[in-house]
Every structure is written in C-alpha cells, then in structure tokens.
Amino acid sequence: MGTYLLKRIIGAFVVMWAIITITFMLMHAIPGGPFTEEKKLPPQIKATIEATYHLNDPVWVQYTDYMKHVVQFDLGPSYKYLGRSVNDIIGESFPVSAQLGLGALVFAVIGGVAAGIGSALKPNTWLDYIITFGSTLGISVPTFIIGALLVYWLGFVWPIFPVALWKGPAYMVLPILTLGAQPMAFIARLTRSTMLDVLQQEYIKTARAKGLSNWDIIMKHALGNAILPVLTYLGPLAAALLTGSFIVETIFAIPGLGKYFVTSIYNRDYTVILGVTIFYSALVVGFNLLVDLLYPLVDPRVTMEEEDAS
C-alpha cells in the first residue's frame, strides 16, 4: 500500500508539472498579451509595464521564474487587478465558492444516492419511472435553465428565497439547488444502475434467504459495492463544485472564484488564468488521490487486489 501511495503521489506531481507547462505555453502562444487593448498604449509606457512584469524576457526565462515562484506557492501578481496577487484573489473568492460547492456536493450525493437506491429497490414501478424521468431531465437541462426556472418559481411566483447575493443561509438555497441538480441526477442514474447489478448477486440472494431486512441488506451488503463507481465520480466532481461555477455565480451575483477565472480569460490576465488552473488541477488531483485512499475503507478487497498486483 505504501509503494502504491508513493507512486500515486509522484504521478500527481508529474501531472501538475505537465498542466502548468502546457497552460503556460498556451497562454504565451495566443496572439496579444495582457496589455493589448483596443486603445493602444504609447510604446514607451507599454515597454515599461512589460519590463516591470518581466514580460519582455524570453519565454523560457519567464517559465523558469514562474516555476520557481510556484514551488514557493507564490502565483504572482494580477496584471488587471492592480495591487492584488493571485493568492489574494483565490484566498478571497474561494471560501465563497467552497461554501456553494460543498452545499451542492452534499445535496447531490445524499439526494442522488437516496433516489438511486429507491429506484433500484422498486424497478418498473411509478417511483422508478418518476426518478428515472427526473434524473434524465436533470442531466439534459442546462444549468442556466435550471437556475432561471428556480429564480422564477421560488423567487418571484412564490417568493420563498432571495434570488441574488450571498448574505446568509437563505441566499444559499437556490444556488445550491442549481449547482447540485445535474450531479444529483447523474449520481441517481449511476447508483440505480450499479445497485440493480449488485442486487442480482448471489450473496444478496443468500442474505434475503436468511431473512435479513431490506435495510440491513442495503446498508451492510449492497451499498458498499454499489457506491464504488460513485466514489470515482466524486473526485473530479468535488473539485469542480468547490471551485465554483461561473454560470451559477453570475445568475445569483455570487462573488466566487468562477467569476474571476472567466474574467481573467477576457482580460488575458495570464497569472490569474494560470493560478486558478493550477489551483483547480491541484484540487482534482488531490480529491482523486483521496478517493483512491477511500476505496479500501469501502471495499477491503481493493487493498487485497493491490497487494496481489504488487
């Protein structure tokens, strides 16, 4: 297990290096720069600004300097938000996106797993048809449509929740429902599919023959195996939700990380684009590594397979 973990950690660092390198090169391959605007700056002023940020250095020199700062967890200054570093921007906006993403993640996992189990236990019934139809609809409908419908019905027709800003628990409900709807629908379909397969296994039939209740069969025998594909999906899902969604943050005027990321693309703010990409990638790699470590806790056979393979 220790050797496997070490390999995964080394692989994570290699992946991060590749992501940083590719993103850096792509940023510098795009024509123009962060100070290329419709109203051109005087050549002397532009040269002074580029010299201040070392943008006039060769690309390999800029890359080497940037990697040195990244190793020290310094993501550099923003070119457009004067006086602010990328670390400051992430530190200010990520907690907001994390609150939104964590709420959406909990909603998606609990709602999706519960719906998937309920659908699998009652196949080809009205409950199964409703959940299947709802999950298909949830996957198919874009997030901005879901958000707009929730704002209209629960914000205006029945004014139950506030429709904008981020000032307290009541303001979180509609954004969390919007952001968590699609993942919940996907988890519900995934759980239903795997649970139906698990329920046909011989050890489940043996458990039923012994007179165990459905609750004991599901919680003690079936859920552990059925939840493994969901755990695999949770790695990238958690990273995606925790870093925020520009669409959801725009609809509900939430000052999260997604807003800065998309704005930085429009502004060609290289350091913000790179910083947020690195931060997001680190979350994806970290959560995937965490999922790998959780596998043996859910299903001890995974550890045995790893030991046998080694």
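Residues numbered from 1 in each chain as written. Predicted model: local features only at pLDDT ≥ 70, side-chain atom pairs only at ≥ 80, totals over all residues. Heavy atoms only, no water.

1. Regarding a nonpolar patch on the surface
Reasoning step 1: There is a patch of nonpolar side chains on the surface, built from Phe-144, Ile-145, Leu-149, Tyr-152, Trp-153, Phe-156, Val-157, Trp-158, Ile-160, Phe-246 and Ile-247 and spanning about 1,100 Å² of accessible area.
Reasoning step 2: Elements that contribute at least two residues to the nonpolar patch include exactly helix H6 (143-157) and helix H11 (246-251).
Reasoning step 3: Top element by residues in the nonpolar patch is H6. It accounts for 7 residues.
Reasoning step 4: For Trp-158, a relative accessible area of 52% puts it in the exposed group. (Patch = residues over 30% accessible without salt bridge, like charges linked within 9 Å, V, L, I, M, F, W, Y side chains within 5 Å. Areas by Shrake-Rupley, 256 points an atom, 1.4 Å probe, with all protein chains shown as cover. Salt bridge = Lys/Arg side-chain N within 4 Å of Asp/Glu carboxyl O. Helix = DSSP H or I, 4+ residues; strand = E, 2+ residues; numbered from the N terminus. Buried < 20%, exposed > 50% of the residue type's maximum accessible area, 1.4 Å probe, protein only.)

2. Some points on the UniProt feature "transmembrane region" (unreviewed entry) in the chain
Reasoning step 1: The positions that UniProt labels "transmembrane region" (unreviewed entry) are, in the present scheme, residues 9-30, 100-121, 133-158, 170-191, 212-231, 237-258 and 270-291.
Reasoning step 2: Note that residues 133-158 is 88% helix and 0% strand, and that its end C-alpha atoms are spaced 25 Å apart. (UniProt positions renumbered as here; feature names shortened; annotations may be inferred.)

3. Some remarks on unusual backbone geometry
Reasoning step 1: Although it is not a glycine, Phe-73 adopts a positive phi angle of roughly 60°.
Reasoning step 2: Looking at the element boundaries, Phe-73 is found in the loop between helix H3 (59-71) and helix H4 (86-121).
Reasoning step 3: Of note, the phi angle at Leu-165 is positive, near 75°, even though the residue is not glycine.
Reasoning step 4: Within the secondary structure, Leu-165 sits in the loop between H6 and helix H7 (169-199).
Reasoning step 5: The exposure class assigned to Leu-165 is partly exposed, which follows from its relative accessible area of 38%.

4. Remarks on the packing of aromatic side chains
Reasoning step 1: Summed over all chains, the structure comprises 8 aromatic pairs.
Reasoning step 2: Here the aromatic rings of Phe-24 and Tyr-63 are separated by 5.5 Å at their centres, their planes lie at 65°, and the arrangement is edge-to-face. Of this pair, Phe-24 sits in helix H1 (residues 2-29) while Tyr-63 sits in helix H3, and the two are 39 residues apart along the sequence. The two residues Phe-24 and Tyr-63 agree in class, both being buried.
Reasoning step 3: Aromatic pair Trp-153 and Trp-158: ring centres 5.5 Å apart, planes at 35°, arrangement tilted. (Phe/Tyr/Trp six-rings, centres within 6.5 Å; stacked < 30°, edge-to-face > 60°.)

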